[in-house]
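# Geometric and topological summary
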Amino acid sequence: MMMRRSIRSGLASCALMATGAAGLVGAASAEPIEFFQVEGVTYDSSVPAPEEVIGWGVGDRPVRHDQLVDYLSQVANGSDRISIETIGYTHEHRPILFFVVTSPENHARIDEIRAAHLASLSPDAPASEGPAVIWLNYGVHGAESAGMDASIPTLYHLAAAQGDEIEATLDNSVILITAIFNPDGHSRRINHVETFGGDVRTTDPDHEQHNLWTAARTNHYWFDLNRQWLLQTQPESQAWLEQWHEWKPQVSADFHEMGTESTFYFHPGEPLRRNPLIPEQARELTLGIARHHISFLDSEARLYTSEEGFDNFYVGKGSTYPQVNGSLGILFEIGAARGGLIEAERGLVSHGDNVRTHFRTSLTTIAGGLAGRNEISAYQRAFFANSMEAAARDRDRGFVFTAEGDPARANMFVDLLNRHDIRVNRLARDVRSNGRTYSADDSFVVALAQPQYTMIRSLFDRVTSFEENVFYDVSGWTLPLAYDLDYAALGRNWSADLVGAEAEPAALAAVAPPRSNYGYVLRWSDYYAPRGLYRLLDADIRVRVATEPTTIATHLGATAFGPGAVFVPLIGQEADNDTIHQMVSTIAREDGVSVHAVTSGSTAAGSPDLGDGNGFRAVRRPEILVLFDDGLASYDAGEIWHQLDHRMQMPVTLRRKNELGGMDWSRYTHLIIVGGGNTSLSDRTTERVNQWIREDGGVLVTMRQASRMAQAAFLGMEAADDDEEDDSDTATERRNYADMGVDDAEHVIGGAIFQTDLDPSNPIGFGYADRDLPVHRNTSFTLQRPEGNPFAVVAEYTDEPLLSGYASQRRQDEIAGTPAIIAQRHGRGTVIMFADNPAFRATFRGTERAFMNAIFFGGLIDRPFGDYEEE
């Protein structure tokens, strides 16, 4: 062992002194700029090298985000080839930089070039003879350091390289670079590597410095930003997608890292695992560009793969999204050096060498895009022309959608479509489709006859049959279902007079109510009503919540409200009337919640009066503890954190699952445990949590695997095995070993949308307009139905539950009719169990409401009459 460590240290020391290029592929660590410079190219010495600004070469130490910004800004500001713009900020307020690289002559008319390029994509428009438009994005995953630091030599080269070749490249192309996509995750990586780094390189893969993959991969709220091209819930993705559609590049390259033992990968990817909306020609043109990568990689005898392992199916990834938007999307993956220099079966893997490989394939991407410029340009133009032709042939002419009683949710969907460059119009007159009348007052239409036809189909279609059942990511992403919208295709009932004014995201504000001498009522169906309710509770305003439909006398007359309506009485408050009116007015203006001034405590016949203690019940301010780490899924925990903290502006206490000793449980009203590979609690913690629920009245909210754990640990219900199947009389059928991967995936639910039947009279169902609730599902286990309590199942999967995505028939049959949401009393407290993640990727706006109901109304769950469990 001592000899081996000495060799490792010696190699690291040699790498620190290295000045060559290809000759030190295996051992390179810290490198001066000469290591990255292309052989035979002269460089302008007035352009600063990274080590002159940062203080060390790429690969010596991590480059902090502020250092990266400083260096790239200096290079850009000193070059007439590069313009720089800050296009957005992260949650932690770090800037996202966008660079446009082209010749000085092109810069002088850059707006004209962009306009001409976009105009050429319109049907019947002449082809543009302008420069090729090529997009390079770096650093979407914070742990993947080579994908970030490759921006350094790339921009240096484009600024400093001299000669006919670079001049021709700049004359004939506009190169768009985003550096970097994920500054917050990148910064976590830097902190980790620096914290566990030392004077001597430790290349042992078990060293903590190399253990940073998950923690640094995501953004501030632990979202995987490479799933956000489609979903658009995070500020980073919103910033870069706006720029992408401002240009609609012809080629888009996305640089990543993968497991250390892997070599190097580049698209086109698995031939059969391609989204059917992507034309086959896209693959052929990507293969043409791939030959340029191969030429470089072969020249250095590097190992690589190109058509295995990665698919082009889920359209929300950085390499697939461009392909359903007329561009060529290219994924690059390289075996990670983790902390900077790490042992692998294939030898030492170094950060400096990985950066160099991504840099050189950035150049081959540009070269390949230019070499196929005419064909790629013609393909892009044909893509949009074919989209218009397909729209003309489609028996559907458009879609209509609404979110009745929740304009904010409809507004969010309009905003999402606009971000994807999809035109949305207001519905000009009422229309009936699929047995429902869509009102012009609150409905929108999306015409299919527009250039984004392919993208519209991708978002709205329900696909449940697939050529293959192996998916790198989710298989179902029908976004109107995720938003729990009522929507329908319009075919024979389509007419031009349905299309009203073009819709843009409206201001969230609702009209503030007039002053009342009695009280105010907040409509619970509005998306941000929970945020408004928390404002009131946090200000110690007493409120009462309707537990059944009611009609209340308001300033607008007799007004109907559904269960969950929040009544704010003026009597009995410590705050004066002016303060309360100001607060409810703020809720209307800033949260978009419909607020009504109450004129009388007497309600319509059949409705409980406002003083009825059963019809209107008090709720308390939630104090929320969310567990994470120690086997819990960080994505799930981050999505819950984001929903509560960022969207609803509610404080959240985050605590590692294995660090719960010595806590003051009396301060918390809610404990949230998300799913994951290990959701179990220690025996001591289980006992304390059980006591907290039963005796202190705590509300436990669990999701996915944690719900199965809760049934066993707290409710005494043993879980069935995931793959329990009676095959005792069936001999194992012989199969070819090569089929193992496909067979293993057959019954995996990677991510599909299922239909559930929801009880809207249950407090967890308050605020819903109907019983249909689509849910996202990516697990195969089922929850047990509680015995002796017929009211505990809030939502259950329908008999034919699959709405969109892949699930084998066996899994569909197993899941059909089982509970999706359970809420039941446990002593003085409540246990609420979701079979799925209700806040999946911050996109399932429908199930997010059920989760918020669990937070505010979990204490309203009653025990059935005759259930005398000791409290």
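Residues numbered from 1 in each chain as written. Predicted model: local features only at pLDDT ≥ 70, side-chain atom pairs only at ≥ 80, totals over all residues. Heavy atoms only, no water.

### Brief notes about the overall build of the protein
When helices and strands are tallied, the protein shows 26 helices and 34 strands. For the protein, the C-alpha radius of gyration of 29 Å lies close to 29 Å, the compact-globule estimate for 871 residues. C-alpha extents for the protein along the principal axes are approximately 90 × 70 × 65 Å. Pairs at least 24 residues apart make up 79% of the contacts formed inside the protein by residues separated by at least 6 positions. Split by element, the accessible area of the protein, about 33900 Å² in all, is 46% carbon and sulfur. (Helix = DSSP H or I, 4+ residues; strand = E, 2+ residues; numbered from the N terminus. Rg over C-alpha atoms; globule rule 2.2 N^0.38 Å. Contact = heavy atoms within 4.5 Å. Areas by Shrake-Rupley, 256 points an atom, 1.4 Å probe, with all protein chains shown as cover.)

### Some words on the pairing of strand β3 (residues 95-101)
Counting buried positions over the seven residues of β3 gives seven, a clear majority of the element. Neither face of β3 is open: one carries Pro 95, Leu 97, Phe 99 and Val 101, the other Ile 96, Phe 98 and Val 100, and all of them are buried. Examined bridge by bridge, strand β2 (residues 82-89) and β3 share seven bridges and lie antiparallel to one another. Paired with Tyr 89 across the two strands is Pro 95, which belongs to β3. Between β2 and the antiparallel strand that follows it, β3, lie five residues; His 93 among them carries a positive phi value of about 65°. Bridge analysis of β3 against strand β6 (residues 173-179) gives five bridges, and the strand direction is antiparallel. (Buried < 20%, exposed > 50% of the residue type's maximum accessible area, 1.4 Å probe, protein only. Pairing = 2+ DSSP bridges.)

### A word on the sheet that holds strand β17 (residues 486-490)
Strand pairs in the sheet, formed through backbone hydrogen bonds, run parallel or antiparallel to each other. Strand order in this open sheet of five strands is β17-β12-β16-β13-β18, and the pairing throughout is antiparallel. Of all the strands in the sheet, the pair left with one neighbour each is β17 and β18 (499-502). Mean inter-strand twist for the sheet, computed between neighbouring axes without regard to direction, equals 35°. With five bridges connecting them, strand β12 (residues 398-402) and β17 associate as antiparallel partners. Bridging across to β17, Val 400 finds its partner in Ala 488. (Axes fitted to C-alpha atoms, helices over the stretch in contact; angles between N-to-C directions.)

### With respect to the sheet that holds strand β28 (residues 670-673)
Here we have nine strands laid out as an open sheet, ordered β27-β26-β28-β29-β34-β33-β32-β30-β31, and mixed in their pairing. Of all strands in the sheet, those with a lone pairing partner are β27 (652-656) and β31 (772-777), marking the two edges. Ignoring strand direction, the axes of neighbouring strands in this sheet form an average angle of 20°. Strand contacts of helix α21 (residues 634-647): β26 (624-628), β27, β28 and β29 (699-703), with the helix running at about 155° to β26, the strand carrying the most contacts. Against the sheet, helix α22 (residues 683-696) makes contact with β28, β29, β33 (819-826) and β34 (829-834), and its axis sits at roughly 115° relative to β34, the strand it touches most.

### Things to note about unusual backbone geometry
Omega for the bond connecting Ala 179 with Ile 180 falls within 30 degrees of zero, at -5°, which places this linkage in the cis form. Examined against the element boundaries, Ile 180 turns out to sit in the loop between β6 and α9 (183-195). At His 93, a residue that is not glycine, the phi angle is positive and equals roughly 65°. Counting through the fold element by element, His 93 comes out in the loop between β2 and β3. On the basis of relative accessible area, His 93 is assigned to the exposed category, the value being 57%. With a phi close to 50°, Arg 841 is a non-glycine residue in the positive phi region. When you line up the elements, Arg 841 lands in the loop between β34 and α26 (845-857).

### With respect to the packing of aromatic side chains
One pass over the structure, following the stated rule, counts 37 aromatic pairs. With 5.1 Å between their ring centres and 85° between their planes, Phe 35 and Phe 36 make a pair best called edge-to-face. The class of Phe 35 is buried, set by a relative accessible area of 0%. Assessed through its relative accessible area of 3%, Phe 36 is described here as buried. Aromatic pair Phe 754 and Tyr 797: ring centres 6.1 Å apart, planes at 80°, arrangement edge-to-face. In this pair, Phe 754 sits in strand β30 (residues 752-758) while Tyr 797 sits in strand β32 (residues 793-804), placing the two residues 43 residues apart along the sequence. With respect to class, Phe 754 is no different from Tyr 797; both count as buried. A network of ring pairs unites the aromatic residues Phe 399, Phe 401, Phe 413, Phe 444, Phe 460, Tyr 483 and Tyr 487 as a single cluster. Its guanidinium or amino end placed over the ring of Phe 35, Arg 356 lies 5.5 Å from that ring's centre, counting from NZ or CZ. If you follow Arg 849 out to its NZ or CZ, it ends over the ring of Tyr 768, 5.8 Å from the centre. (Phe/Tyr/Trp six-rings, centres within 6.5 Å; stacked < 30°, edge-to-face > 60°. Lys NZ or Arg CZ within 6 Å of the ring centre and 35° of its normal.)

### A closer look at the pairing of β6
Summarising burial for β6: seven of the seven residues are buried, a large majority. Neither face of β6 is exposed, since Ser 173, Ile 175, Ile 177 and Ala 179 on one face and Val 174, Leu 176 and Thr 178 on the opposite face are all buried. One ladder, built from seven bridges, connects strand β4 (residues 132-138) with β6; its direction is parallel. Residue Asn 137 lies in a different strand from β6, and its bridge partner there is Thr 178.

### Comments concerning empty space enclosed by the protein
Per the stated rule, a full pass over the model turns up five cavities of 30 Å³ or more. Looking at the largest cavity, its volume works out to about 100 Å³. When the residues that make up the lining of the largest cavity are grouped by side-chain class, the tally is four nonpolar, three polar and five charged. (1 Å grid on protein atoms, 1.4 Å probe; cavity = no way out; pocket = protein on both sides within 12 Å on 5 of 7 lines; lining within 4 Å. Points joined across faces, edges and corners; volume = space filled by probe spheres on them. Nonpolar A, V, L, I, M, F, W, Y, C, P; charged D, E, K, R; others polar.)

### Overview of the side chain of Thr 218
Considering the arrangement of structural elements, one finds Thr 218 in the loop between α10 (213-217) and α11 (228-231). On the basis of relative accessible area, Thr 218 is assigned to the buried category, the value being 1%. Not counting the four nearest positions on each side in its chain, Thr 218 is found in contact with Asn 182, Gly 185, Arg 188, Phe 223, Asp 224 and Tyr 635.

### What about the packing of helix α5 (residues 110-119) against helix α12 (residues 235-247)?
Look at α5 against α12: their axes get within 8 Å of each other, and the N-to-C directions meet at 75°. Regarding the angle of α5 to α12, the classification is roughly perpendicular. Each of Ile 110, Arg 114, His 117 and Leu 118 in α5 lies in contact with α12, whose residues at this interface are His 245, Glu 246 and Trp 247. Its residues placed into classes, the contact of α5 with α12 shows three nonpolar, two polar and two charged. (Parallel < 35°, antiparallel > 145°, perpendicular 65-115°, else oblique.)

### What to know about the packing of helix α3 (residues 65-77) against helix α7 (residues 151-160)
Helix packing for two helices is described by the angle between their axes and how far apart those axes are. Across the interface, α3 lies against α7 with an axial gap of 10 Å and an inter-helix angle of 10°. By the angle class used here, α3 and α7 are roughly parallel. Counted together, Leu 68, Tyr 71, Leu 72 and Val 75 of α3 and Ser 151, Ile 152, Leu 155, Tyr 156 and Ala 159 of α7 form the full contact between these two elements. Looking at side-chain class alone, the contact of α3 with α7 contains eight nonpolar, one polar and no charged residues.

### Some details on the nonpolar core
The biggest cluster of nonpolar side chains holds 228 residues, and the ones touching the most others in it are Ile 177, Phe 401, Leu 644, Ile 672, Phe 851 and Phe 856. Not counting residues within four places of it along the chain, the set of residues in contact with Leu 644 comprises Ile 624, Val 626, Gln 649, Met 650, Val 652, Ile 672, Phe 851, Met 852 and Ile 855. (Core = buried A, V, L, I, M, F, W, Y, C linked by side-chain atoms within 4.5 Å.)

### Some words on the pattern of salt bridges
Scanning the entire structure with this criterion turns up 46 salt bridges. Asp 311 is the salt-bridge partner of Lys 317, the closest N and O atoms lying 3.0 Å from each other. The class for Asp 311 is buried, based on a relative accessible area of 2%. For Asp 461, the salt bridge identified is with Arg 457, shortest N-O distance 2.7 Å. Taking relative accessible area as the criterion, Asp 461 reaches 25% and is therefore assigned partly exposed. Given a relative accessible area of 10%, Arg 457 falls into the buried group. If you follow the salt bridges from partner to partner, you end up with Glu 39, Glu 300, Arg 302, Asp 353, Arg 356 and Arg 360 in one network. (Salt bridge = Lys/Arg side-chain N within 4 Å of Asp/Glu carboxyl O.)

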